[in-house]
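Remarks on the overall topology
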Amino acid sequence: MSDTAIFPDLKGASVFITGGGSGIGAALSEGFLRQGAKVAFVGRSDASAFVARMEAETGNPPLFIQCDITDIPALKSAIEQAAEAHGPITTLVNNAANDQRHATLDVDEEFWDWAQAINLKAYFFACQAVLPGMQAAGGGSIVNFTSISYMMGNSGYPAYTTANAGINGMTRSLAREFGADRIRVNALAPGWVLTDKQLDKWATPEALAAHLERQCLKDHLAPQDIVGSTLFLASATSRMITGQTLVVDGGVVVTG
Ligand SMILES: NC(=O)c1ccc[n+]([C@@H]2O[C@H](COP(=O)([O-])OP(=O)(O)OC[C@H]3O[C@@H](n4cnc5c(N)ncnc54)[C@H](O)[C@@H]3O)[C@@H](O)[C@H]2O)c1
Ligand SMILES: O=C(O)C(=O)C[C@H](O)[C@H](O)CO
């Protein structure tokens, strides 16, 4: 991992990350662990190999709780379990999502509900579950991952882009409602980040070249490129920033 600034207030902080065992989420887990934070994360599949690797490489093992975030009672119970182990959660990172491609005319109600359950509903109920603990702790920071895909007006995954836009509205409303409690709620919109899954599923040479053409900065983003901005939004370094969407995309220029 490339060098990242140290944020002293994150040492010992109780951090909860959805989907923290692979993709961008794994880089985020590692980034918080290297700050000395107490990290709990949820994911659907067994993450014991990742936990062991983090313990070996950072000396600070994360707590993994197996959970499908579309099961809201299970998600709430995982958040309670994390708070019991690490103390009230003062940083929530809503990261888990699914950008499965789909054509508008093929979407049925079941698919729509599934897409919103992962990409929007779980975000809201994770926020709801951590807010009372943050109020009692005197503050906290929530980082909701969204995407530039809806800002670009991309086709090919309309249920996902709808949820991404919804995340920004939810972020601004929660920032307003809980600002007086010193709880900050921000969104982070990555550009195209070349995770193993993106490379495996969607990244053709043509699509990559076309995307780079639209970026001001001519390097593709890696998961590590998202870590510093997330740590910044979590830490008190950004204490007067709330209700914002931070775009980390290499400067994508959106045209007609
Ligand atoms: N990779 C990109 O190019 C990109 C671009 C823009 C935005 N984003 C956003 O960044 C975030 C992370 O993206 P990523 O590319 O790392 O995704 P990913 O699909 O590689 O990883 C998502 C993680 O969430 C977990 N997850 C998915 N569904 C789950 C469920 N129902 N229950 C529990 N865990 C579940 C997965 O197991 C995985 O660990 C997402 O919010 C995504 O919208 C990614
Ligand atoms: O949000 C996602 O999952 C993306 O992959 C967004 C990318 O920037 C997009 O696919 C590139 O056109």
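Residues numbered from 1 in each chain as written. Chains lettered and ligands numbered in written order. Predicted model: local features only at pLDDT ≥ 70, side-chain atom pairs only at ≥ 80, totals over all residues. Heavy atoms only, no water.

1. Brief notes about the site of ligand 2
In the vicinity of ligand 2, the contacting residues are Asp-99, Arg-101, Ser-147, Ile-148, Ser-149, Asn-154, Tyr-157, Tyr-160, Gly-191, Trp-192, Gln-198 and His-211. In the model, an oxygen atom of ligand 2 is placed 3.4 Å from a nitrogen or oxygen of the Trp-192 main chain. Classifying every residue of the shell around ligand 2 gives four nonpolar, six polar and two charged. (Near = heavy atom within 4 Å. Polar contact = N/O pair within 3.5 Å; in protein donor to acceptor, adjacent residues only side chain to side chain. Nonpolar A, V, L, I, M, F, W, Y, C, P; charged D, E, K, R; others polar.)

2. Concerning the pairing of strand 4 (residues 91–94)
Both faces of strand 4 are covered, namely the face carrying Thr-91 and Val-93 and the face carrying Leu-92 and Asn-94. When strand 4 meets strand 5 (residues 140–145), the two strands line up parallel, connected through four bridges. Looking at strand 5, one finds that Thr-91 is bridged to Ser-141. Taking the sense of rotation as the criterion, the β-α-β connection linking strand 4, helix 4 (residues 109–137) and strand 5 turns out right-handed. (Buried < 20%, exposed > 50% of the residue type's maximum accessible area, 1.4 Å probe, protein only. Helix = DSSP H or I, 4+ residues; strand = E, 2+ residues; numbered from the N terminus. Pairing = 2+ DSSP bridges. Right-handed = clockwise from strand over helix to strand, strands pointing away.)

3. A short note on the site of ligand 1
Taken together, 24 residues are adjacent to ligand 1, and Ser-22, Ile-24, Asn-95, Tyr-160 and Val-193 come closest. Ile-24 is positioned with one of its backbone polar atoms (N or O) 2.8 Å from an oxygen atom of ligand 1. Side-chain polar atom of Asp-68 to a nitrogen atom of ligand 1: 2.9 Å apart, as the coordinates give it. Contact with the protein chains removes 92% of the 820 Å² of surface that ligand 1 exposes when unbound. Secondary-structure elements contributing two or more residues to the shell around ligand 1 are helix 1 (23–34) and helix 6 (196–201). (Areas by Shrake-Rupley, 256 points an atom, 1.4 Å probe, with all protein chains shown as cover.)

4. Topic: the packing of aromatic side chains
Counting across every chain of the model gives five aromatic pairs. Taking the centre distance of 5.1 Å and the plane angle of 40 degrees together, the rings of Phe-41 and Phe-64 count as tilted. Of the two residues, Phe-41 sits in strand 2 (residues 38–43) while Phe-64 sits in strand 3 (residues 63–66), which places them 23 residues apart along the sequence. On the basis of an interplanar angle of 35 degrees and a centroid distance of 5.2 Å, the ring pair of Tyr-157 and Tyr-160 is categorised as tilted. You can call Tyr-157 buried: its relative accessible area is 7%. Judged by relative accessible area, Tyr-160 falls into the buried class, the value being 11%. Linked through ring pairs, Phe-41, Phe-50 and Phe-64 together constitute an aromatic cluster. (Phe/Tyr/Trp six-rings, centres within 6.5 Å; stacked < 30°, edge-to-face > 60°.)

5. A short note on the UniProt feature "domain: Ketoreductase" (unreviewed entry) in the chain
Under the present numbering, the feature "domain: Ketoreductase" (unreviewed entry) in UniProt falls on residues 13–205. Regarding residues 13–205, the helix share stands at 49% and the strand share at 17%, and the terminal C-alpha atoms are separated by 41 Å. (UniProt positions renumbered as here; feature names shortened; annotations may be inferred.)

6. Focus on helix 3 (residues 72–86)
With 15 residues, helix 3 ought to run about 21 Å at 1.5 Å a step, and its terminal C-alpha atoms sit 21 Å apart, in line with that. Taken together, the buried positions of helix 3 are occupied by Ile-72, Leu-75, Ala-78, Ile-79, Ala-82 and His-86. With its buried residues spanning 120 degrees around the axis, helix 3 presents them on a single face. Among the exposed residues of helix 3, those oriented more than 90 degrees off its buried face are Pro-73, Glu-80 and Glu-84. On its buried face, helix 3 is in contact with strand 1 (14–18), strand 2, strand 3 and helix 4. Following helix 3 by one or two positions, Gly-87 adopts a phi angle in the positive range, close to 95 degrees. (Expected span 1.5 Å × (residues − 1). Arc of directions from axis to C-beta. Contact = heavy atoms within 4.5 Å.)

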